[in-house]
Amino acid sequence: ILCGCIQLLRPLPARLGDQIRCLPWGLFLQWPQSYDFCNMRDTVLDHLHLLNFKNHPELEVDFSPGLNAFVGKNGAGKTNVLDAIYYLCTTKSYFHTTDADHVRHGETFFAIRGLFRSDDGPVKVHCAVQPGQKKSFRVDDSEYARLSDHIGRFPVVVISPSDRDLLSEGSALR
């Protein structure tokens with residue numbers, strides 16, 4: 001998912017209006033698969049379902065095989081969706097170290113489900129966290145004995161605005 005690179009897309013699809021969906025917190029734009037920015041098609045996230053994750057009481061998103069972008073006002077939850085994807089792939093948040101920080105205010109748990117498509121077929125991933133209890137991670141309805149078994153199965157990279165400094169500043173920062 002590339003959010004910071006939208007201004008680089010030229011030309012934009014002629015019928016962009018057909019590819020915009022309104023979500024409660026903003027817009028979800030999808031580009032056709034012909035906008036292939038990389039050839040890494042080994043694993044693709046097709047569907048995401050959030051329940052009580054940060055500011056989302058419930059959210060379901062079906063992704064296109066092309067480029068997907070979230071557009072909305074500050075505080076609407078766009079970054080929270082990206083963090084949920086990261087959490088599903090790595091068993092932890094990119095932003096917070098405490099799982100309890102992700103439970104929506106007033107709720108007792110959160111759950112994230114994703115449907116990935118790989119060369120081997122569809123893969124269902126489910127995560128559930130209830131503070132004070134063991135974190136549950138399942139793949140195709142089988143729970144991991146160790147969370148470390150999940151790490152690396154679904155590679156993901158976060159590129160944030162602060163990463164620009166790694167390129168533009170001197171080697172001392174790196």
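Here the structure is a predicted model, which is why all the values come from computation and not from measurement.

Visitor: Describe the layout of surface pockets, naming the residues involved and giving the relevant values.
Guide: Each pocket or cavity is described by its volume, and for the second largest pocket that value is around 150 Å³. Along the walls of the second largest pocket sit His47, His49, Glu60, Arg113, Gly114, Leu115, Lys124, Val125, His126, Arg138, Asp140 and Asp141, which together make up its complete lining.

Visitor: Give a description of the side chain of Lys135 that names residues and reports values.
Guide: Mapped onto the fold, Lys135 is located in the loop between strand 7 (121-129) and strand 8 (136-139). Side-chain polar atoms of Lys135 contact the side chain of Tyr87, separated by 3.3 Å. In this view, Lys135 contacts Tyr87, Thr91, Asp99, Ala128, Val129, Glu143 and Leu147; residues no more than four positions away in its chain are not counted.

Visitor: Account for the pairing of strand 3 (residues 43-53), naming residues and giving values.
Guide: Of all 11 residues in strand 3, nine are buried; the element is thus mostly enclosed. For strand 3 and strand 6 (residues 110-118), the ladder comprises eight bridges, and the chain directions are antiparallel. Across the sheet, Leu45 pairs through a bridge with Phe116, a residue of strand 6. Pairing of strand 3 with strand 4 (residues 56-62) involves six bridges; the strand directions are antiparallel. Among the inter-strand pairings, His47 is bridged to a residue of strand 4, identified as Asp62. Hairpin remark: strand 3 followed by strand 4, antiparallel, with two residues in the connecting loop; positive phi at Lys54, about 50°.

Visitor: Now, about the packing of aromatic side chains: what can you tell me, with residues and values included?
Guide: As enumerated under the stated definition, the model contains eight aromatic pairs in all. Between the aromatic rings of Phe53 and Tyr87, the centroid separation amounts to 6.4 Å while the plane-to-plane angle is 75°, which identifies the pairing as edge-to-face. Highlighted residues: Phe53 in strand 3 and Tyr87 in helix 1 (residues 78-90), separated in sequence by 34 residues. For Phe53, a relative accessible area of 0% gives the class buried. On the basis of relative accessible area, Tyr87 is assigned to the buried category, the value being 0%. Geometrically, the ring pair formed by Phe63 and Phe70 is edge-to-face, given 6.3 Å between the ring centres and 90° between the ring planes. You can call Phe63 buried: its relative accessible area is 9%. Taken together, the aromatic side chains of Phe53, Tyr87, Phe110 and Phe137 make up a single cluster linked through ring pairs.

Rules behind the numbers
Residues numbered from 1 in each chain as written. Predicted model: local features only at pLDDT ≥ 70, side-chain atom pairs only at ≥ 80, totals over all residues. Heavy atoms only, no water. 1 Å grid on protein atoms, 1.4 Å probe; cavity = no way out; pocket = protein on both sides within 12 Å on 5 of 7 lines; lining within 4 Å. Points joined across faces, edges and corners; volume = space filled by probe spheres on them. Helix = DSSP H or I, 4+ residues; strand = E, 2+ residues; numbered from the N terminus. Polar contact = N/O pair within 3.5 Å; in protein donor to acceptor, adjacent residues only side chain to side chain. Contact = heavy atoms within 4.5 Å. Buried < 20%, exposed > 50% of the residue type's maximum accessible area, 1.4 Å probe, protein only. Pairing = 2+ DSSP bridges. Phe/Tyr/Trp six-rings, centres within 6.5 Å; stacked < 30°, edge-to-face > 60°.

Remember, this is a structural readout, not a statement about activity or role.
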